[in-house]
Amino acid sequence: MKKIAILGSTGSIGTTTLQVVRHLKDAFRITALAAHSNIDLLEQQANEFSPELIAVYDKAKASELQKRLPHISVLGGLEGLNAVASHHETQQVVSAISGTLGLTPTISAIQAGKDVALANKEALVSGGALVMALAKEKGCQLLPVDSEHSALFQCLNGENPSTINRLILTASGGPFRDWDLDRLKQIKVEEALKHPNFSMGAKITIDSSTLMNKGLEVIEAYWLFGVQPEKIEVLVHPQQIVHSMVEFKDGAIMAQMGEPSMIVPIQYALTYPNRIDSPLHPIDLKKLRLLEFTAPNYDSFRCLKLAFEALRHGGSLACYMNAANEVLVHRFLKRQIGWMEISQKLEHLMLGHTTQTLRSLDDVLHIDAEARQHASYA
Ligand code: NDP
Ligand code: MG
């Protein structure tokens, strides 16, 4: 029985992970859970899964939950998240906090020698060099949860990495993929929060609408698979049946297909290298009429272009871009700026950034804080 801790257990990935654990209850035990402030849901999860430790980032809410659950240890703040990440009995940590705040506990998990099922792509975008080097040093497995990276990982199983020609990441294109510039300028928050195929957290849903989500995934793929930026391509595939593909030197292309659902990528990261029955029905290939693949429109979706530029440029630019984007997305959600302004302001900020080398977690957190400050007033 594998012992699992979940960072971000109340979110979209966290609750889907618990759905997988509920389905495979003989295979897993939950040791620890963490979230920001949703203590009602944490209480329900604690009653169902009996973890030994819970962390609530909001310290007042942590005290409140401790009163409701006197038999379980409840910790607050970043120390609490780090304690969940490094809990002594845990074998694998699901890293599913949204945003860069997930980086520090992800590093704590690796430092404590835990395998990590990684959903929090921002951790790799901002601290990829650190996370990958530490995982190598500690001999920890980093298993992708993001569906595209899980697909690439599955296609690469048993293959020699030197034979990769291209990694092809597929993108739904978001709700605005066919909109012209005049319409893009008028986008409302409610429209951007409607993803065509997935129900996800607000931040990633907005990132999907600007294609920044795909941009972050390009950088995530670079770190996970060690492939040069020019060998990573993005194709818009509105049906979201092909989750991503690998083209090899001999011209063969391997694709991983399935329903647009996070169940399989999450479950595979938990059961790897094994495959176990899942609650999902396989796709009925006879019902698929059309699988389309087109190049993204880099003029309308500038964020994707900016992410490629940040990756090619190297150093601190991707970290800076990621944190600035997070703040701009929150400002859009608060209706302080328009949808087009996310990429316009981001581009302007990135042009003003002087790239530095990121040698430590402190360096990453420093650039991250600087970008947040700049983006709050841009
Ligand atoms: P949600 O917004 O649905 O959930 C976020 C989770 O993180 C919640 O449990 C939230 O707690 C917790 N959280 C947020 N801030 C903190 C904090 N400071 N301390 C502790 N916990 C915190 O996000 P998603 O589940 O959609 O996404 C999570 C991560 O997974 C993101 O990095 C995203 O990019 C990635 N991902 C998501 C996919 C999806 O399908 N949803 C697909 C691929 C990757 P609370 O509920 O208390 O606020
Ligand atoms: Mg994805």
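Residues numbered from 1 in each chain as written. Chains lettered and ligands numbered in written order. Predicted model: local features only at pLDDT ≥ 70, side-chain atom pairs only at ≥ 80, totals over all residues. Heavy atoms only, no water.

Under an unreviewed UniProt entry, the name given to the chain is 1-deoxy-D-xylulose 5-phosphate reductoisomerase, and the organism recorded is Parachlamydia acanthamoebae. Quoted verbatim from the Catalytic activity (unreviewed entry) field of UniProt, the annotation for the chain is "2-C-methyl-D-erythritol 4-phosphate + NADP(+) = 1-deoxy-D-xylulose 5-phosphate + NADPH + H(+)". A UniProt comment under Pathway (unreviewed entry) is attached to the chain, and it reads "Isoprenoid biosynthesis; isopentenyl diphosphate biosynthesis via DXP pathway; isopentenyl diphosphate from 1-deoxy-D-xylulose 5-phosphate: step 1/6." (UniProt positions renumbered as here; feature names shortened; annotations may be inferred.)

Asks: Looking at this structure, I do not really get the side chain of lysine 345. What am I missing?
Replies: Along the chain, lysine 345 turns up in helix H15 (residues 339-351). One polar contact links the side chain of lysine 345 to the main-chain carbonyl oxygen of alanine 378, over a distance of 3.2 Å. In this structure, lysine 345 is in contact with Leu328, Ile337 and Ala378, ignoring residues within four places of it in sequence. (Helix = DSSP H or I, 4+ residues; strand = E, 2+ residues; numbered from the N terminus. Polar contact = N/O pair within 3.5 Å; in protein donor to acceptor, adjacent residues only side chain to side chain. Contact = heavy atoms within 4.5 Å.)

Asks: Explain the environment of isoleucine 168 here, please?
Replies: Structurally, isoleucine 168 is set in strand E8 (residues 164-171). Separated by 85 residues in sequence, isoleucine 168 and isoleucine 253 place their C-alpha atoms 9.4 Å apart. Each residue touching isoleucine 168, except ones within four places of it in the same chain, is listed here: Leu152, Glu233, Leu235, Ser244, Met245 and Glu247.

Asks: Is there a simple way to explain the layout of surface pockets in this structure?
Replies: Where empty space is left can be seen by rolling a probe of water-molecule size over the atoms. In this structure, the second largest pocket encloses a volume near 360 Å³. If you go around the second largest pocket, you meet 18 residues; those closest to its centre are Gln256, Met257, Val264, Ser278 and Leu280. When residues of the lining of the second largest pocket are traced back to their parent elements, those giving at least two are strand E11 (253-257) and helix H12 (263-271). Counted by class, the lining of the second largest pocket contains eight nonpolar, eight polar and two charged residues. (1 Å grid on protein atoms, 1.4 Å probe; cavity = no way out; pocket = protein on both sides within 12 Å on 5 of 7 lines; lining within 4 Å. Points joined across faces, edges and corners; volume = space filled by probe spheres on them. Nonpolar A, V, L, I, M, F, W, Y, C, P; charged D, E, K, R; others polar.)

Asks: Would you mind showing me how to read the sheet that holds strand E5 (residues 92-95) here?
Replies: Adjacent strands of a sheet pair through backbone hydrogen bonds, lying either parallel or antiparallel. Ordered in space as E4-E3-E2-E1-E5-E6-E7, the seven strands form an open sheet in which the pairing is parallel. Either end of the sheet is taken by a strand with one partner, and the two such strands are strand E4 (73-76) and strand E7 (142-144). Strand-to-strand, the axes of this sheet are offset by a mean angle of 20°, without reference to chain direction. Note: strand E1 (residues 2-7) against strand E2 (residues 28-35), six bridges, orientation parallel. Bridge assignment links isoleucine 6 to a residue of E2, and that residue is leucine 33. (Pairing = 2+ DSSP bridges. Axes fitted to C-alpha atoms, helices over the stretch in contact; angles between N-to-C directions.)

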